[in-house]
Amino acid sequence: MKNVDVLVIGAGAAGMAAALAAAEQGAKVLLVEREDRTGGILNQCIHNGFGLHYFKKELTGPEYAEIFREKLERSGIDTCMEKFVLEVDVNKKEVIVVSKEGIEKIHPRSLILATGARERPFGSLLIPGDRPSGIYTAGVVQRLINIENRLPGKRALILGSGDIGLIMARRLTLEGMEVVGVVERLPYPGGLLRNVVQCLEDFDIPLLLSSTVVEVKGKERLEEVVVASVDEKYNPIPGTERTFKVDTLVLSVGLIPQVELVSDFVEIDRSSKGFAVSNTGQTSVSWIFAAGNSTVIYDLVDYVTYEGEIAGRSAVRYIDGKDVGKTKVSVEAGENIGILFPKWFDPLEDLTMYIRVRKPIEKGILIVEGALERKVEDLVPSEMIRIRIPKNRINASEKLKVFIKEE
Amino acid sequence: MSARKNVKKSWEKVHRFTIVYVIITYVAESEERATFPVWECGSLCFLGGDMLRIVVIGAGIVGSLIARELTKYDVEVILIEKELDVGWGVTKANSAIVHAGYDDPPGSVRARFCAMGNKMYTELSEELDFELKRIGSLVVAFDDEEIRVLEELLKQGEKNGVPNLEILDRDETLDKEPGLSPSVKASLWAPTAGITEPWMVAIAAVENALDNGLELHLDEKVVDIVVEKSRVKKVVTERGEYEADVIVNCAGLFADEIAKMAGAEYTLIYPRKGEYILLDKNVGNLVKRIIFPTPTDISKGILVLPTIDGGILLGPTAMDLSRDRKRDLTTTREGLKEVVEKTKKMVPGIDLSYAIKTFAGLRPESPQRDFFIKASERIWGFINVMAMRSPGLTAAPTIAKYVVEKIIQEDLKINLQKKEDFNPYRKGIIRFAELPLDEWDEWIKKDPLAGKIVCYCNRVTEREIVEAIKRGARTLDGIKFRTRAMFGRCQGGFCMTRILKILARELGVDESEILLKSRKSWLIDGRVRE
């Protein structure tokens, strides 16, 4: 049995930031990670574009992770690899962990969940057809190529124009595979515009909007993928089918926050499907905090780092008995808001909100009732809006309503 | 090896006697039936005086259990399978239900085997260490006409010897399953129905049979059956030839084609497709029992049921295909839509955002809609075990006994001698995550790989993966169906690349040689950089 002040689960971007921030406050921190190294998914993201906000310079994923890895080494934080959390006992405040060393019980005064996200699998899309090999999620392909030095096939189609899908289109092309197109159900791309330009347009890879995969064919290995246009309700339009002869289908169809470990007793946000947290990172269970993609799927790792730091600091503040969570104002999504983070506002911290609109908006006014009104333009669901409001500017006792008026 | 020699010796002792016995009884018998000419019996000595050899074609659940049943006796048993692994045909994709036995018309072969098979599963699961959960089944009725059908099913079940059937009223039904639609009117409760992993029954049976002397040939398609003077002579595969005294045809969807090769009687096999949707286990207790709609003449309908590892399975559809589509395992837009619509009618809380996998299976259906299990009257030594449509899984253990004890020993008059050293027990791969923590901890002290979680969703350790490879897994699906790794909510997104590496390491091959499930289902094309 081990007693620690703060236990952090997951040593990706959020977990590393949280552990470091907690240790800076003088807490005894234990960081556990199920993989064999720290850094999480950053390790396989060898493209650049990381750190522009946080470090004011452009880094690759492994470079970004390395900075935190070095800080961790210097910090003296107890960091354990290849340890898998089996159970969190909310009543006993006990966390059970398994590793090659055996089963261990850890008693933290505060717990930070930085469990990240997983990719939506092919099976969840209910796409008809065969079940051959050659259908991979983008993350698996990224790992195969960037870490394992392996190519998944020769000719690929990509379903989903999320950032990972766009980046993999470029990666596969650079590594000698032929990418015949990126298929997107929506009438606009799912990833950042800079990625559409740098990953598709620069390489002449067609982006097929308002289209989807309606059938996969191949008894053993994938042989053909049938793509059709969709109507406004995303139903395939008969007669628009096109067949692509490919041996590889790469899926970039969304990430799902990993909450299952504690979802029986920690509140889950209905829109993000991640842990519902306040702006301190505190969940519905007062001693449990969460940060990163397990709370909401972020666009940028820099944001994940900021939120991880807040959670780490707040967890220590909670242990020190400084009233974290004493006052909580609910933050509510109104008109045109798709995803809204955080769920609650705690006046101990400034309020940093992350918003995804429900549909593209050309011009409008973002209103945070009683706190802020701001003109916004060219909003798309794929690009998160980040707004920071100082705590003393917010007058709200019961709830804080957020909405966008279209102009 | 020495055990096998002993087996041979003990066989030799009884060998001469047996042949004499067979010849005598056969002469007597043949005068009545006149199917086999008397002179044929003069050549009734088994493969040049060596041990009697029985070749079983098809390592689905039926073939595997028959092969295991045969290894209880002093015979040479060869099991030949065209796929890369055991249980990968019809056995791999069905509803995984051990039926109570009320569905089958009294007097049918199905009825004879199903209710008894259900009972046999308890002992079988103990001997072979596979999971069986008798969670019970409810057939739900939504109107008076359907209630009448329930009453008929109850009577039919009682005739078939199904115990403890009961008709529940609306409140009792909803009490048992609060997730059912409130418009339900009544249900038929069958507490003896259960769920299992059909492929695991086949794997376990084969592992146990191997331990008792079975010779297994995977990845070998049978291309011909040689018959001499109306007796089976040998089985020819893509890779070799196997002389045989008796051939048991358990080739599932392709059993009619195998029977044709031998010139034996057969019934035509039609594939009936069933499409399924699997929901992740975090749907929770949506239902705790097997939920059937009221059946029609054609099928048992589209069901909602828990899977053995806590997920929820929806399906199957019943789409009859032409005989040339025995490899058509495609799911269809219409089929999946039908599954969703029909199951939501019974259980409105079904949430498709929990879907993690869709798949289709084929059931081998015949025009008679009944099992076709008998020795050929034309070709001596050829036994058909075909058209194993539902409830084939449930009936399989009974059928195995029937084929060995009735058909081989009584009908073919082959006197099999029981082995003294048959070991009926097989131990499954230990699922560490299901053990009490202190026991798991002790295992890790002995082998640290038992503490290394590879599959996060289903908590499968590296030791389990390595053990599966030691027991014969050669492919990703081989690992998946033996350990449940990659079976969970991420469908291998996190662990597939790691399992590829473990497979390559343990088998001593390059990762690019690892397959998903069949010869051409390659996963990796080459290296990015040399």
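All values reported here derive from a predicted model rather than from experimental measurement.

### Side note on the overall build of chain A
Logical step 1: If you tally the helices and strands in chain A, you get six helices and 28 strands.
Logical step 2: Principal axes of the C-alpha set define a box for chain A whose edges measure 65 × 60 × 40 Å.
Logical step 3: Relative to its full complement of 407 residues, chain A shows a buried share of 61%.
Logical step 4: Taking the intrachain contacts of chain A between residues at least 6 apart in sequence as the baseline, contacts between residues at least 24 apart amount to 61%.
Logical step 5: Each charge class in chain A can be summarised by its mean position, and for the 53 positive and 59 negative side chains these summaries are 3 Å apart.

### Focus: the overall build of chain B
Logical step 1: Secondary structure summary: chain B contains 13 helices and 24 strands in total.
Logical step 2: The globule rule puts the C-alpha radius of gyration for 530 residues at 24 Å, and the 24 Å found for chain B is close to it.
Logical step 3: Along the first, second and third principal axes, the C-alpha atoms of chain B reach 70 × 65 × 45 Å.
Logical step 4: The proportion of buried residues among the 530 residues of chain B is 61%.
Logical step 5: In chain B, the proportion of contacts linking residues at least 24 apart, taken out of those at least 6 apart, comes to 73%.
Logical step 6: Approximately 21000 Å² of chain B is accessible, and the part contributed by carbon and sulfur atoms is 51%.
Logical step 7: Within chain B, the 82 negative side-chain charges are centred at a point lying 2 Å from the centre of the 79 positive side-chain charges.

### Some points on helix 11 (residues 462–470) of chain B
Side chains of residues three or four places apart in an α-helix project in the same direction, reflecting 3.6 residues per turn.
Residues and elements named next belong to chain B.
Logical step 1: Within helix 11 the residues assigned to the buried category are Glu 462, Glu 464, Ile 465, Val 466, Ala 468 and Ile 469.
Logical step 2: In this structure, the buried residues of helix 11 make contact with strand 22 (453–455), strand 23 (460–461), helix 12 (476–483) and helix 13 (496–507).
Logical step 3: Positive backbone phi, at 120 degrees, marks Gly 472, one or two positions downstream of helix 11.

### Overview of helix 6 (residues 198–211) of chain B
Residue and element names in this part refer to chain B.
Logical step 1: Between the first and last C-alpha of helix 6 there are 20 Å, a value that for 14 residues agrees with the 20 Å anticipated at 1.5 Å per step.
Logical step 2: Restricting attention to buried positions, one finds in helix 6 the residues Pro 198, Trp 199, Met 200, Val 201, Ala 202, Ile 203, Ala 204, Ala 205, Val 206, Glu 207, Asn 208 and Ala 209.
Logical step 3: Positive backbone phi, at 105 degrees, marks Gly 213, one or two positions downstream of helix 6.

### Notes on the pattern of salt bridges
Pairing between side chains of opposite charge can happen when their charged atoms approach one another.
Residues and elements named next belong to chain B.
Logical step 1: A complete count under the given rule lists 69 salt bridges over all chains for this structure.
Logical step 2: Between Glu 434 and Arg 484 there is a salt bridge, and its shortest N-O distance comes to 3.6 Å. Residue Glu 434 is located in the loop between helix 9 (392–411) and helix 10 (437–446), and its partner Arg 484 is located in the loop between helix 12 and helix 13; the two are separated by 50 residues in the primary sequence.
Logical step 3: By relative accessible area, which is 5% here, Arg 484 ends up buried.
Logical step 4: One salt bridge in this structure joins Asp 510 and Arg 527, with 3.2 Å as the shortest N-O distance. Of this pair, Asp 510 sits in the loop between helix 13 and strand 24 (526–527) while Arg 527 sits in strand 24, and the two are 17 residues apart along the sequence.

### Details of the side chain of Asn208(B)
Residues and elements named next belong to chain B.
Logical step 1: The residue Asn 208 is located in helix 6 in this model.
Logical step 2: A distance of 2.6 Å separates polar atoms of two side chains, one belonging to Asn 208 and the other to Arg 68.
Logical step 3: Not counting residues within four places of it along the chain, the set of residues in contact with Asn 208 comprises Arg 68, Leu 128, Phe 422, Asn 423, Pro 424, Tyr 425 and Arg 426.

### What to know about the packing of helix 2 (residues 61–70) of chain B against helix 6 of chain B
Residue and element names in this part refer to chain B.
Logical step 1: At a minimum axis separation of 8 Å, helix 2 and helix 6 run at an interaxial angle of 25 degrees. Between helix 2 and helix 6, the crossing angle belongs to the class labelled roughly parallel. Between helix 2 and helix 6 lies a crossing whose hand is left-handed. On helix 6, the residues touching Ile 61, Ser 64, Leu 65, Ala 67 and Arg 68 of helix 2 are Pro 198, Val 201, Ala 202, Ala 205, Val 206, Asn 208 and Ala 209.

### What to know about the interface of chain A and chain B
Logical step 1: Contact residues are listed per partner, giving 49 residues for chain A and 55 residues for chain B.
Logical step 2: Buried surface at the junction of chain A and chain B, summed over both partners, amounts to about 4600 Å²; 55% is from carbon and sulfur atoms.
Logical step 3: Residue Asp525(B) is joined to Lys154(A) by a salt bridge in which the shortest nitrogen-to-oxygen separation is 2.8 Å.
Logical step 4: Applying the counting criterion to the chain A and chain B interface returns 28 residue pairs in polar contact (both at pLDDT 80 or more).

### A look at the packing of aromatic side chains
Logical step 1: This structure, assessed with the given rule, holds 20 aromatic pairs over all chains.
Logical step 2: With a centroid separation of 4.9 Å and 85 degrees between ring planes, the pair formed by Tyr54(A) and Phe55(A) is classed as edge-to-face.
Logical step 3: Considering the side-chain rings of Phe481(B) and Phe487(B), the 5.4 Å spacing of their centres and the 75 degrees angle between planes classify their relative orientation as edge-to-face. Considered together, Phe481(B) and Phe487(B) belong to a single accessibility category, that of buried residues.
Logical step 4: Each member of the aromatic cluster is reached from another via a ring pair, and the members are Tyr54(A), Phe55(A), Tyr64(A), Phe68(A) and Tyr306(A).

### Considering a negative patch on the surface
Residues and elements named next belong to chain B.
Logical step 1: Together, Glu 166, Asp 169, Glu 172 and Asp 175 line one region of the surface with negative charge.
Logical step 2: Of all the elements in the fold, those that place two or more residues in the negative patch are strand 6 (166–169) and helix 5 (170–176).
Logical step 3: Examined against the element boundaries, Glu 166 turns out to sit in strand 6.
Logical step 4: Judged by its relative accessible area of 39%, Glu 166 falls in the partly exposed class.

### What about the state of the cysteines?
Here a disulfide denotes one covalent bond, and it connects the sulfur atoms of two cysteines.
Logical step 1: Going through the model one piece at a time under the given rule, you end up with zero disulfides over all chains.
Logical step 2: The cysteine Cys45(A) is free of any disulfide, with Cys199(A) supplying the nearest cysteine sulfur at 12 Å.
Logical step 3: Residue classification places Cys45(A) among the buried positions, given a relative accessible area of 10%.
Logical step 4: With no disulfide of its own, Cys114(B) lies closest to Cys250(B) among cysteine sulfurs, the gap being 18 Å.
Logical step 5: In this structure Cys114(B) comes out as buried when scored by relative accessible area, which is 0%.

### So, the sheet that holds strand 12 (residues 155–159) of chain A
All names here are of chain A.
Logical step 1: The parallel open sheet is built from five strands, whose spatial order is 10-18-12-13-14. Two strands lie at the open edges of the sheet, namely strand 10 (135–137) and strand 14 (207–208), each paired on one side alone.
Logical step 2: Here strand 12 pairs with strand 18 (residues 248–251) via four bridges, running parallel. When the bridges of strand 18 are listed, Ile 158 appears paired with Val 250.
Logical step 3: In this fold helix 3 (residues 138–146) packs onto strand 10 and strand 18, with an angle of close to 90 degrees to the strand it touches most, strand 10.

### A short note on the pairing of strand 5 (residues 137–141) of chain B
Residues and elements named next belong to chain B.
Logical step 1: Counting buried positions over the five residues of strand 5 gives five, a clear majority of the element.
Logical step 2: Across the two faces of strand 5 the burial is the same, with Ser 137, Val 139 and Ala 141 and Leu 138 and Val 140 all buried.
Logical step 3: Across five bridges, strand 5 lies against strand 7 (residues 186–190) in antiparallel orientation. Bridge pairing links Val 139 to Leu 188 in strand 7.

### Details of the sheet that holds strand 2 (residues 76–80) of chain B
Residue and element names in this part refer to chain B.
Logical step 1: In space, the six strands of this open sheet follow the order 9-2-1-13-21-20, with mixed pairing throughout. Two strands bound the open sheet, and with one partner strand each, they are strand 9 (215–217) and strand 20 (372–375). Recorded for the sheet is a direction-independent mean angle of 15 degrees between the axes of neighbouring strands.
Logical step 2: With three bridges connecting them, strand 2 and strand 9 associate as parallel partners. When the bridges of strand 9 are listed, Ile 78 appears paired with Glu 215.

### Side note on the confidence of the model for chain B
Residues and elements named next belong to chain B.
Logical step 1: Counting all residues, the mean pLDDT for chain B is 91, and 91% of those residues have values of 70 or more.
Logical step 2: With pLDDT under 50 throughout, residues 1–45 is counted as low confidence; its partners more than four residues away or in other chains account for 58 contacts.
Logical step 3: Taken together, the chains of this predicted complex give a pTM of 0.93 and an interface ipTM of 0.96.

### Details of the side chain of Thr237(B)
All names here are of chain B.
Logical step 1: As for its placement among the helices and strands, Thr 237 is situated in strand 11 (residues 231–237).
Logical step 2: Overall, Thr 237 belongs to the buried group, its relative accessible area being 5%.
Logical step 3: Separated by 2.5 Å, the side chains of Thr 237 and Glu 220 make a polar contact.
Logical step 4: Side-chain polar atoms of Thr 237 contact the backbone nitrogen of Arg 239, separated by 3.0 Å.
Logical step 5: Ignoring anything within four residues of it in the chain, the contact list for Thr 237 reads Ile 80, Glu 220, Lys 221, Val 222, Val 223 and Tyr 242.

Rules and cut-offs
- Every chain's residues receive numbers from 1 upward, in the order its sequence appears when written.
- Starting at A for chains and at 1 for ligands, labels are handed out in the order in which the entities are written.
- Confidence filtering applies because this is a predicted model: local features only for residues at pLDDT of at least 70, side-chain atom pairs given and counted only at 80 or more, and all residues used for totals across whole chains, interfaces and linings.
- The side-chain values count all of the structure's non-hydrogen atoms but skip hydrogen atoms and water molecules.
- The way it works is that DSSP assigns letters per residue, a run of H or I at least four long becomes a helix, a run of E at least two long becomes a strand, and they are numbered from the N terminus.
- When accessible area is computed with a 1.4 Å probe and restricted to protein chains, residues below 20% of their type maximum are described as buried, those above 50% as exposed, and intermediate ones as partly exposed.
- By definition in these notes, contact holds between two residues if any of their heavy atoms fall within 4.5 Å.
- Counted charges follow a simple rule, with Lys and Arg positive, Asp and Glu negative, and His plus the chain ends left uncounted.
- For the purpose of locating charges, the reference atoms are NZ of Lys, CZ of Arg, CG of Asp and CD of Glu.
- Only C-alpha atoms enter the radius of gyration, while the globule expectation follows 2.2 Å times N to the 0.38, with N the number of residues.
- Accessible surface is estimated by sampling points in the Shrake-Rupley manner with a 1.4 Å probe; for residues, cover comes only from the protein chains shown.
- Take the number of residues in a helix, subtract one, and multiply by 1.5 Å to get its expected span.
- Salt bridges are counted wherever a side-chain nitrogen of Lys or Arg sits within 4 Å of a carboxyl oxygen of Asp or Glu.
- Nitrogen and oxygen atoms within 3.5 Å of one another constitute a polar contact, given that in protein one can donate a hydrogen and the other can accept it, and given that sequence-neighbouring residues count only through two side-chain atoms.
- To obtain each axis, a line is fitted to C-alpha atoms, and for helices this fit is confined to the stretch in contact; angles are then taken between N-to-C directions over 0 to 180 degrees.
- With respect to orientation, any angle under 35 degrees is reported as roughly parallel, any angle over 145 as roughly antiparallel, any angle of 65 to 115 as roughly perpendicular, and every other angle as oblique.
- By definition, any crossing whose near helix is turned counterclockwise from its far helix by less than a right angle is left-handed, and any crossing with a clockwise turn is right-handed.
- As a working definition, buried area equals the accessible area (1.4 Å probe) given up by two parts on being put together, with both sides summed.
- Only rings of Phe, Tyr and Trp enter the pairing, Trp through its six-membered ring, and a pair is recorded when the two centres are within 6.5 Å. The plane angle decides the type: under 30 degrees is stacked, over 60 is edge-to-face, the rest tilted.
- Candidates for patches are residues over 30% relative accessible area with no salt bridge; among them, like charges are joined within 9 Å and nonpolar side chains (Val, Leu, Ile, Met, Phe, Trp, Tyr) within 5 Å.
- A pair of sulfur atoms, both from cysteines and within 2.5 Å, is called a disulfide here.
- Strands are labelled as partners when DSSP assigns at least two bridges between them.
- A residue's pLDDT is simply how confident the predictor is in it, with values from 0 to 100.

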